[in-house]
Amino acid sequence: MFDKNLKLTRRGVLGGSIAAAAGLITGANIFSSSASAASKKINGKKRSIRFAHLTDIHIEPKRKAPEGFTAALRHVQSQKDKPDMIITGGDNVMDLLGAKDDWAKVQTDTFKEIIAKECELPIKYCIGNHDTWGWDKKNSNTTGDEPLWGKARFVKEFGLENRYYAIDAGKWRILMLDSTHIDKKDVYTAKFDDEQYDWLVEQLKSNQGKYICLINHIPIMSAAVLLDGDNIKQGRWSLPDEWMHLDTRKLVDLFWQNKNVKLCISGHLHLLERLEYNNVTYICDGAVCGGWWGGPFHECQEGYGLFDLYDDGTFDHQYVDYGWEVK
Ligand SMILES: [Fe+2]
């Protein structure tokens, strides 16, 4: 969203990795090596996992996006304290919503080629609104009957077993969820559908001994989201259902009943924000692409999040500017 170049946005695991991307709907613990970053003690605390969160990459062959993404991947992997894995936060490609078949293929192929060449870490993917193919039928020239229409294309191309799934990481369980749902009047709306909500409830109930981190594309709770509207001109704040989850109240209530939920991570805004509510921390990371590869977006530099989740339920987060400059 907040895309000045793509008209639709408001209304609108590979590389070392298809194998590593076997993000199972039932959850998989991929950190069995005692040599991993996960097993380190940091300031007296045992770490469950260290991962880099790369969101809103918006890959296409133009705008020097491949060079920028390559620079970000190299930066992540040259960290002295190297992460165990990379998790993307959605909007991996520039835009599939309104992309014709051949252009959609170019975008996903470009992404996969870079990962195959540059990424040695395990990588797992989250789906964003721009990773969904054809919901803008007019511009994408689709009917909706294509076998890969909607999320099927991303799920297949990126080797996911499902559009939502879980990752086990020591004392934490990371739930990868899908925020974007079709909305006939307005392309898409942000929420968890009933199927995902039921799965989430079951996950929280059956993992009481673990700390929970949610990762999904569109913020469940945000204040920075209000900065996109022209509130003075409109005489009110704007908060469309494409910008922040519509089911926030329901989720806040669910988290209140399940105190193991500690952290909700998102992207979508291309802005950096940390918000605390009812002992849950909501972090929105800035975009790898900044302002769609045209420079920083407002005050937020091109960057990625670096997360350390500890065995005592605490965590650290830093936003890393990987030094990309538009020339
Ligand atoms: Fe985005």
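Residues numbered from 1 in each chain as written. Predicted model: local features only at pLDDT ≥ 70, side-chain atom pairs only at ≥ 80, totals over all residues.

Digging into the overall build of the protein chain
- Along the backbone of the protein chain there are 7 helices and 15 strands.
- In the protein chain, which comprises 327 residues, the proportion classed as buried is 50%. (Helix = DSSP H or I, 4+ residues; strand = E, 2+ residues; numbered from the N terminus. Buried ≥ 20, exposed ≤ 12 C-beta atoms within 10 Å, placed from the backbone.)

Comments concerning the packing of helix α1 (residues 65–77) against helix α2 (residues 101–118)
- Two elements in contact, α1 and α2, have axes whose closest approach is 10 Å; the angle formed by their N-to-C orientations is 35°. The hand of the α1/α2 crossing is right-handed. In contact with P66, F69, T70, L73 and R74 of α1, α2 contributes T110, I114 and E118.
- Each residue belonging to the contact of α1 with α2 can be placed in one class, and the counts come to 4 nonpolar, 2 polar and 2 charged. (Axes fitted to C-alpha atoms, helices over the stretch in contact; angles between N-to-C directions. Left-handed = near helix turned anticlockwise from the far one by under 90°. Contact = placed C-beta atoms within 7 Å. Nonpolar A, V, L, I, M, F, W, Y, C, P; charged D, E, K, R; others polar.)

Re unusual backbone geometry
- At D56, a position not held by glycine, the phi torsion is positive, near 50°.
- With respect to the helices, strands and loops of the structure, D56 is situated in the loop between β3 (45–54) and α1.
- With 29 C-beta atoms counted inside 10 Å, the residue D56 sits in the buried group.
- Phi is positive for K64, which is not a glycine, with a value near 60°.
- Summarising the element assignment, K64 is placed in the loop between β3 and α1.

A closer look at helix α5 (residues 194–206)
- With 13 residues, α5 extends 18 Å from end C-alpha to end C-alpha; this agrees with the ideal 18 Å at 1.5 Å per step.
- Every buried residue of α5 is accounted for by L200, Q203 and L204. Seen along its axis, α5 keeps its buried residues to an arc of 95°; they face one direction. The exposed set on the far side of α5, more than 90 degrees from its buried face, consists of D194, E195, D198, E202, K205 and S206.
- Lining the buried residues of α5 we find β6 (165–169), β7 (172–176), β10 (211–215) and β11 (261–266). (Expected span 1.5 Å × (residues − 1). Arc of directions from axis to C-beta.)

Looking at the pairing of strand β9 (residues 187–190)
- As paired elements, strand β8 (residues 180–183) and β9 share 4 bridges and run antiparallel to each other. If you follow T180 over to β9, its bridge partner there is A190.
- Taken together, β8 and the strand that follows it, β9, pair antiparallel across an intervening segment of 3 residues. (Pairing = 2+ DSSP bridges.)

Digging into the pairing of β10
- For β10, the tally of buried residues reaches 5 of 5 residues, placing the bulk of the element in the interior.
- Residue alternation in β10 divides its side chains into two sets, Y211, C213 and I215 and I212 and L214, and both sets are buried.
- One ladder, built from 5 bridges, connects β7 with β10; its direction is parallel. Paired with I174 across the strands is C213, a residue of β10.
- By the bridge criterion, 4 bridges tie β10 to β11 in an arrangement that is parallel. Counterpart to I212 in the pairing with β11 is V261.

Observations concerning the nonpolar core
- With 86 residues, the main nonpolar core has I86, I174, M176 and C213 as its most contacted residues.
- Discounting residues that sit within four places of it in the chain, I86 has contacts with F51, A52, L54, V76, C119, L121 and I123. (Core = buried A, V, L, I, M, F, W, Y, C linked by C-beta atoms within 7 Å.)

Side note on the environment of W324
- By secondary structure assignment, the location of W324 is in the segment after β15 (315–321).
- In the structure, W324 is positioned 29 residues away from G295 in sequence and 8.4 Å away in space, judged by C-alpha atoms.
- Apart from the residues lying within four places of it in its own chain, the contact partners of W324 are G68, A71 and E302.

Brief notes about the confidence of the model for the protein chain
- In this model, the protein chain carries an average pLDDT of 89, and 89% of its residues clear a pLDDT of 70 or more.
- Below pLDDT 50 for its whole length, residues 2–26 participates in 76 contacts with residues either more than four positions away or in separate chains.
- Long-range and interchain partners of residues 31–35, a stretch whose pLDDT sits below 50, account for 7 contacts in this model, where long-range means more than four residues apart. (pLDDT = per-residue confidence, 0-100.)

A short note on the environment of H75
- Within the fold, H75 resides in helix α1.
- For the pair formed by H75 and Y304, sequence separation is 229 residues and the distance between their alpha carbons is 9.8 Å.

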